[in-house]
Amino acid sequence: MSSTDYDLFTIGAGSGGVRASRISASLGARVAVAEERYLGGTCVNVGCVPKKLLVYASSFQEEFEDAAGFGWTVGDRTADWATLIANKDREIERLNGIYARLLDEAGVERFEGRARIVDPHTVRVGDRTVTAENILVATGSWPHLPEIPGIEHAITSNEAFYLESLPERVLVVGGGYIAVEFAGIFHGLGSRVTQLYRGPLFLRGFDDDVREALAEEIRKTGIDLRFGANPASIERATDGSLVATLEDGSRCEADTILYATGRRPLTADLGLEDAKVALAPSGAIVVDEYSRTSVENIWAIGDVTDRLNLTPVAIHEGMCLAATLFGGRPTAPVHEDVASAVFSQPPLATVGLTEAAARERYGEIDVYRTGFRELKHTLSGRDQRTLMKLVVDRATDRVVGAHMVGPHAAEIIQGLAIAVKCGATKAQFDATIGIHPSSAEEFVTMREKVAD
Ligand code: NDP
């Protein structure tokens, strides 16, 4: 009989923490999870799920416009923000309930409140103190804003999901996933949007061709996307407008200023220092390949470890940890060939290496690229182009990267990710017969290499 209350005590009931807890309990462990905010964490409450619902909402505008070329007459249309947010909130509440039920049915004890590690085997939540063989920190991350004068006037994605009304003019600052996605959401719903990114080209880390192609497509939609531009200060004018003064001295007025300038691991006030859990300079918890921290029985997964900050990766890390701790199979999470998408409009999706990264790793590579106008737009008249790109290791003929900007990119790349993960060769892509007419078939019909 163990002398501790639990085999595993998880701090944070987000995507990673919930999965690790549930699977551990199903393997026979005595598990508890503490959550101070909302069940399901960022993804369910103020991230992936509500974001995608807002992306759907904002994409109707283009659909209505495109319908005309197919003979449809679409009458006056307005988007009601309050209805959208209320419906979204109802769905999130339903999901919160599902998370609670999943934990309860798995036999995971739930604690509501902030947990603090007292020592490597003891956790305090409110006025309760419990002991555990293992502690898992899965507290996620939180938006980070630069300290410029007037930054208190800006909101983050957390607040964007709960605005009372749709702002007429939105200024989005940042050039990562969140900035690009919200610029598209507000634009599609009818706001006038300006997006500022401090560097020469946004979405650093993605393949250069797709970054450029997406910038061009976004500008065509009417978003004022500016590079090499960054606010130095923000003020509220007497009429209530917000005025950002940029580093070059120019000014930009808006009703809402949304900062999406990255997220930081949530590690403050958890007792990590007292327990001697090592942190990186970024504040992230340092873990080994099995998600073990510098303390033998304390583990960490998800954004708080700042490895690859994506929900499905946190879930994967949680599954691996459960297998390591209670499945008798030490399992290290794999962070290679993880597909991801930016739900911009049009969306961007990618798996594997960028052209630059592949060149660095393999030296000699072949690149296949195609750009075209979707069949749909021959009648809709929309000036939108799709880009697809394959990166191939010349020595082995393996496809090591697949990238796309265009409608349904996430759905298409998800399928290709299996092929890339399996090590498929370009010859095997070529031997695959396409579905006609589709955009996706272009991925198996690219024959012309881009000249070296
Ligand atoms: P990112 O790290 O992706 O992007 C942050 C952006 O802000 C970068 O363009 C960065 O510029 C810029 N920036 C950073 N600091 C400053 C500053 N002081 N002043 C001006 N600009 C600054 O963060 P996000 O907030 O967009 O997203 C956080 C994480 O959430 C992502 O890493 C991603 O993993 C995850 N996510 C995934 C989504 C998906 O899968 N669809 C959706 C949303 C989030 P620079 O490049 O020059 O450093």
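Further up the page is the structure itself.
Bear in mind the structure is a predicted one, so any value in this text is a computation, not a measurement.

Reading the values: the criteria
Residues numbered from 1 in each chain as written. Predicted model: local features only at pLDDT ≥ 70, side-chain atom pairs only at ≥ 80, totals over all residues. Heavy atoms only, no water. Helix = DSSP H or I, 4+ residues; strand = E, 2+ residues; numbered from the N terminus. Buried < 20%, exposed > 50% of the residue type's maximum accessible area, 1.4 Å probe, protein only. Polar contact = N/O pair within 3.5 Å; in protein donor to acceptor, adjacent residues only side chain to side chain. Contact = heavy atoms within 4.5 Å. Near = heavy atom within 4 Å. Areas by Shrake-Rupley, 256 points an atom, 1.4 Å probe, with all protein chains shown as cover. Pairing = 2+ DSSP bridges.

### Overview of the side chain of Lys-426
For Lys-426, the location among the structural elements is in helix α12 (residues 426-431). Overall, the relative accessible area of 3% leaves Lys-426 in the buried class. A distance of 2.6 Å separates a polar atom in the side chain of Lys-426 from a polar atom in the side chain of Asp-430. Those residues in contact with Lys-426 that lie beyond four places of it in its chain are Tyr-368, Leu-390, Val-392, Asp-397, Val-399, Met-446 and Arg-447.

### Some details on the site of the ligand
Lining the immediate environment of the ligand, one finds 19 residues, of which Tyr-197, Arg-198, Arg-204, Asn-309 and Ala-341 sit closest. In this structure, an oxygen atom belonging to the ligand sits 3.3 Å away from a main-chain N or O atom of Tyr-177. Tyr-197 has a polar side-chain atom sitting 2.7 Å from an oxygen atom of the ligand. Relative to its free-state accessible area of 910 Å², the ligand is covered by the protein chains to the extent of 77%. Considering each element in turn, the shell around the ligand owes the most residues, 3 residues, to helix α6 (residues 177-189).

### Things to note about the pairing of strand β14 (residues 256-259)
On β14, burial covers both faces: Thr-256 and Leu-258 on one face and Ile-257 and Tyr-259 on the other are all buried. Of the strand pairs in this sheet, strand β8 (residues 169-173) and β14 are connected by 4 bridges, and their pairing is parallel. Considered in β14, the bridge of Val-172 is made with Leu-258.

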